[in-house]
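Letter by letter, the chains look like this.
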Amino acid sequence: MTVVAEDSPTKTQSAAGIPASSENALVPWHIRACAWAVDVLPPAAVVTTMALVSFTVSAGGVWWWVCMSVLGLATLALLVNRLLLPVVLGWSLGRALCGIAVVRRDGTAPGAWGLLLRDLAHLLDTVTVVGWLWPLWDAQRRTFADMLGKTEVRQAESSVALPKLRRWTAVAALTAAVLSLAGAGVSYAVVYSRDQATDQTRAQIAIQGPKIVAQMLTYDPKSLHDDFARAQSLATDKYRGQLVTQQDIVQKGNPVINEYWVTDSSIEAASPDRATMLLFMQGRRGAAPGERYITATVRVAFVKSGNDWRVDDLTVLTKPKPGNGK
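A quick note: this is a predicted structure, and the numbers were derived from the prediction, not measured.

Colleague: Outline unusual backbone geometry, supporting the account with residue identities and numerical values.
Modeller: Excluding glycine, most residues fall at negative phi; most peptide bonds, likewise, are trans. The backbone phi angle of R141 is positive, close to 50°, even though this residue is not glycine. R141 gets classed as partly exposed once you look at its relative accessible area, which sits at 32%.

Next up, the structure:
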């Protein structure tokens, strides 16, 4: 006589020979890690990228505000997914995809504030590192955050079909990847274009700077009015008033030939629209037989106005003195 016994539902096995998971069973560590990665890594990647990009662009500029806006939206998406969706819908994207849920020990679902405190408590897991690995040997598979929040992670059926969850997860990951790559591209473009513009400034100032300063400081009594007008056209509005004051002093005195040329120069600083240059100059004053040669050192600040460069400030470091020791 042969007796056939049926397996109980709790011991039913799948075709692959793996025991089927039961409702409310504690979740293995790797499934929790998968759910956390789906929920946190995509928005965290966007937030990190935008934060780094914000340091490479001009603070308060258009691109800076774009970075801050995207960073804020990514942070909001993370908070909504982790804190509000579990309260409203009963699941976050990662937890629904992995078929798990965070519950209290009595089986009730924590509220938004409880989930927030639990996520903040994960800082302890992060600082110690061991906290994240504690579920591997803990009988109740808890992290330190679970211990502090008195929560557990159990298996739960999602109300959303698995194909749809996979599609949403793919969209979230793809969106995060696109935004991160776009942020990196903007950073590279902005930094590269700025470096390129700065190199162009150095090349232009190296040629134009000495000529501008020499023209500004050179004048002849026979063409004094035209020479002073030319000098004023080479100055910005900020420096022009100081230059006119100096010219008035010359006009009220006994003007003589004043000619300068640059013997050496060095660019101290440069940006796309500003530059500072140190110039070593020689010149002559007066005419024979009272002609004398002089030397001087000046620091000049240049500002770009349209396509032209203008003198924004001129500081005399070494006052004109007789050259060649005379």
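Colleague: Explain the packing of helix α8 (residues 224–233) against helix α9 (residues 237–252) to me, and be specific about the residues and the numbers.
Modeller: Where α8 contacts α9, the axes come no closer than 10 Å and their chain directions differ by 165°. With respect to their mutual orientation, α8 and α9 come out roughly antiparallel. Crossing handedness for the pair α8 and α9: right-handed. Within the contact between the two elements, α8 uses L224, F228, A231 and Q232 and α9 uses R240, L243, V244, Q247, V250 and Q251. Grouping the constituent residues of the contact of α8 with α9 by class yields six nonpolar, three polar and one charged.

Colleague: Explain the packing of helix α1 (residues 29–54) against helix α2 (residues 62–88) to me, using residue names and the numbers behind them.
Modeller: At a closest axis distance of 9 Å, the pairing of α1 and α2 adopts a crossing angle of 165°. Classified by the angle between their axes, α1 and α2 sit roughly antiparallel to one another. When you trace α1 past α2, the crossing you get is left-handed. Counting all contacts with α1, which are made through W36, D39, V40, P43, V46, V47, M50, A51, V53 and S54, the residues of α2 involved are W64, C67, M68, V70, L71, A74, T75, L78, N81 and R82. Residue classes in the contact of α1 with α2 are distributed as 15 nonpolar, three polar and two charged.

Colleague: Break down a nonpolar patch on the surface for me, with residues and values.
Modeller: Together, W29, V129, V130, L133, L136 and W137 line one region of the surface with nonpolar side chains, adding up to about 560 Å² of accessible area. Along the chain, the position of L136 falls in the loop between α5 (130–133) and α6 (144–149). Relative accessible area serves as the criterion here: at 52%, L136 is assigned to the exposed category.

Colleague: Go over the pairing of strand β3 (residues 258–271), please, and point to the residues and values.
Modeller: A regular strand carries its side chains on alternate faces of the sheet. Where β3 lies against strand β4 (residues 274–285), 12 bridges are found, and the strand directions are antiparallel. Looking at the pairing, Y260 lines up with G283 of β4. Between β3 and β4, which follow one another and run antiparallel, lie two residues.

Colleague: Quick rundown of the pattern of salt bridges? Include the residues and the values.
Modeller: Applying the stated criterion to the full structure yields 13 salt bridges. Measuring nitrogen to oxygen at the nearest pair gives 2.8 Å for the salt bridge that ties R154 to E152. On the basis of relative accessible area, R154 is assigned to the buried category, the value being 16%. E291 is paired through a salt bridge with R284; the nearest N and O atoms lie 2.7 Å apart. When its relative accessible area of 29% is taken as the criterion, E291 is described as partly exposed. Within the structure, one salt-bridge network assembled from shared partners comprises R32, R118 and D146.

Colleague: For the packing of aromatic side chains, give the residues involved together with the corresponding values.
Modeller: Within this structure, the stated rule accounts for four aromatic pairs. Here Y188 and Y192 contribute two aromatic rings whose centre-to-centre distance is 5.7 Å and whose plane-to-plane angle is 10°, an arrangement assigned as stacked. Here Y188 and its partner Y192 are both found in helix α7 (residues 162–217), four residues apart, which amounts to about one turn of the helix.

Colleague: Could you give me a rundown of helix α4 (residues 112–128), with the residues and numbers involved?
Modeller: Over its 17 residues, α4 runs 25 Å from end to end, which matches the ideal 24 Å to within 8%, given 1.5 Å per residue. For α4, the set of buried residues is L115, R118, A121, H122 and D125. Down the axis, α4 shows its buried residues gathered within 130° of arc, on one side only. Away from the buried face of α4 by more than 90 degrees, exposed residues W113, L117, L123 and V127 are located. V129 lies just past α4 and shows a positive phi near 65°.

Colleague: Could you give an account of the environment of R284, with specific residues and numbers?
Modeller: Take R284: it is sitting in strand β4. It is 5.8 Å that separates the C-alpha atoms of R284 and I294, two residues lying 10 residues apart in sequence. Setting aside residues up to four positions removed in sequence, R284 forms contacts with I257, N258, E259, W261, E291, R292, Y293 and I294. Here E259 takes part through its side chain, which lies 2.8 Å from a polar atom of the side chain of R284. Only 2.7 Å separates the side chain of R284 from the side chain of E291, close enough to count as a polar contact.

Colleague: For the pairing of strand β1 (residues 100–104), give the residues involved together with the corresponding values.
Modeller: Across the five residues that make up β1, a large majority, four, are buried. Examined bridge by bridge, β1 and strand β2 (residues 151–155) share five bridges and lie antiparallel to one another. Paired with V102 across the two strands is V153, which belongs to β2.

Definitions and limits used
Residues numbered from 1 in each chain as written. Predicted model: local features only at pLDDT ≥ 70, side-chain atom pairs only at ≥ 80, totals over all residues. Heavy atoms only, no water. Buried < 20%, exposed > 50% of the residue type's maximum accessible area, 1.4 Å probe, protein only. Axes fitted to C-alpha atoms, helices over the stretch in contact; angles between N-to-C directions. Helix = DSSP H or I, 4+ residues; strand = E, 2+ residues; numbered from the N terminus. Parallel < 35°, antiparallel > 145°, perpendicular 65-115°, else oblique. Left-handed = near helix turned anticlockwise from the far one by under 90°. Contact = heavy atoms within 4.5 Å. Nonpolar A, V, L, I, M, F, W, Y, C, P; charged D, E, K, R; others polar. Patch = residues over 30% accessible without salt bridge, like charges linked within 9 Å, V, L, I, M, F, W, Y side chains within 5 Å. Areas by Shrake-Rupley, 256 points an atom, 1.4 Å probe, with all protein chains shown as cover. Salt bridge = Lys/Arg side-chain N within 4 Å of Asp/Glu carboxyl O. Pairing = 2+ DSSP bridges. Phe/Tyr/Trp six-rings, centres within 6.5 Å; stacked < 30°, edge-to-face > 60°. Expected span 1.5 Å × (residues − 1). Arc of directions from axis to C-beta. Polar contact = N/O pair within 3.5 Å; in protein donor to acceptor, adjacent residues only side chain to side chain.

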